[in-house]
Amino acid sequence: QAYLAAFGGGAVQTGGSLRLSCVASGRSSDVMAWFRQDDGNERTFIAGTTWNGGQIRYADSVKGRFTISRDNAKNMVYLQMNNLRPEDTGIYLCSAGFYNGIMIRTTENAYDTWGQGTQVTVSS
């Protein structure tokens with residue numbers, strides 16, 4: 001079992017930036033991913049990274065604006081969010097997946113463990 005905690009959210013205006021962090025403990029995972037949860041509780045893939053394979057994947061909507069990174073020694077994953085838009089608003093969840101493959105999966109059911117979310121609000 002992996003244990004995750006996300007933090008670093010906040011409220012910004014359009015064009016602003018935030019840096020989210022996620023600390024992981026317990027069972028080591030293969031893939032870490034960020035999802036955004038909207039008011040209807042739907043979860044949308046934002047970005048993912050493997051711990052050791054060097055693979056990174058982004059949702060098309062955030063390419064060029066968001067950057068996912070990791071610090072293996074600290075068991076932490078980050079999401080740097082720049083040029084934020086109102087549609088980026090939501091609860092950002094850190095998740096852990098236990099699978100191997102050539103491509104990071106973007107579906108919610110690929111991930112086994114979810115941390116508490118951190119709220120990101122972007123105003124017009």
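All of these numbers come straight from a predicted model, not from anything done at the bench. (Residues numbered from 1 in each chain as written. Predicted model: local features only at pLDDT ≥ 70, side-chain atom pairs only at ≥ 80, totals over all residues. Heavy atoms only, no water.)

Draft legend 1. Spotlight on the state of the cysteines. Enumeration according to the criterion identifies 1 disulfide in this entry. What pairs with C22 in a disulfide is C94, and their sulfur atoms sit 2.0 Å apart. The disulfide joining C22 to C94 has a torsion of about -80° about its S-S bond and is therefore left-handed. Residue C22 is located in strand 3 (residues 18-26), and its partner C94 is located in strand 9 (residues 90-97); the two are separated by 72 residues in the primary sequence. (Disulfide = S-S within 2.5 Å. Helix = DSSP H or I, 4+ residues; strand = E, 2+ residues; numbered from the N terminus.)

Draft legend 2. Main features of the pairing of strand 4 (residues 31-37). With respect to burial, strand 4 is a largely interior element, 7 of its 7 residues being buried. The two faces of strand 4 match: V31, A33, F35 and Q37 on one face and M32, W34 and R36 on the other face are all buried. For strand 4 and strand 5 (residues 43-50), the ladder comprises 7 bridges, and the chain directions are antiparallel. Paired with Q37 across the bridge in strand 5 is R43. Following strand 4, the chain reverses through 5 residues before pairing antiparallel with strand 5; N41 in that reversal takes a positive phi of roughly 70°. In the sheet, strand 4 pairs with strand 9 via 7 bridges, with the strands oriented antiparallel. Its bridge partner lying in strand 9, R36 is registered against Y92. (Buried < 20%, exposed > 50% of the residue type's maximum accessible area, 1.4 Å probe, protein only. Pairing = 2+ DSSP bridges.)

Draft legend 3. Region of the structure containing the pattern of salt bridges. Enumeration according to the criterion identifies 3 salt bridges in this entry. With a shortest N-O distance of 3.4 Å, R43 and E108 are connected by a salt bridge. Within this pair, whereas R43 is found in strand 5, its partner E108 is found in the loop between strand 9 and strand 10 (113-114), the two being separated by 65 residues in sequence. Here R43 falls in the partly exposed class, since its relative accessible area comes to 28%. With a shortest N-O distance of 3.1 Å, K63 and D60 are connected by a salt bridge. Take K63 and D60: they sit in the same class, and that class is exposed. (Salt bridge = Lys/Arg side-chain N within 4 Å of Asp/Glu carboxyl O.)

Draft legend 4. Broad picture of the sheet that holds strand 7 (residues 66-71). Spatial ordering of the open sheet is given by 1-3-8-7, a layout of 4 strands whose pairing is antiparallel. Of all the strands in the sheet, just strand 1 (2-7) and strand 7 have a single pairing partner and so form its edges. Neighbouring strand axes in the sheet, compared pairwise and without regard to direction, differ in orientation by 15° on average. (Axes fitted to C-alpha atoms, helices over the stretch in contact; angles between N-to-C directions.)

Draft legend 5. Inspection of the environment of F35 at higher detail. Locating F35 in the fold gives a position in strand 4. You can call F35 buried: its relative accessible area is 0%. Linking F35 and C22, residues 13 residues apart in sequence, is a C-alpha distance of 12 Å.

Draft legend 6. Fine view of the nonpolar core. The biggest cluster of nonpolar side chains holds 35 residues, and the ones touching the most others in it are M32, W34, L79, M81, Y92 and Y111. At the level of secondary structure, the elements contributing two or more residues to this core comprise strand 1, strand 3, strand 4, strand 5, strand 7, strand 8 (76-81), strand 9 and strand 11 (118-123). Sort the elements by how many residues they give to this core and strand 4 lands first, with 5 residues. (Core = buried A, V, L, I, M, F, W, Y, C linked by side-chain atoms within 4.5 Å.)

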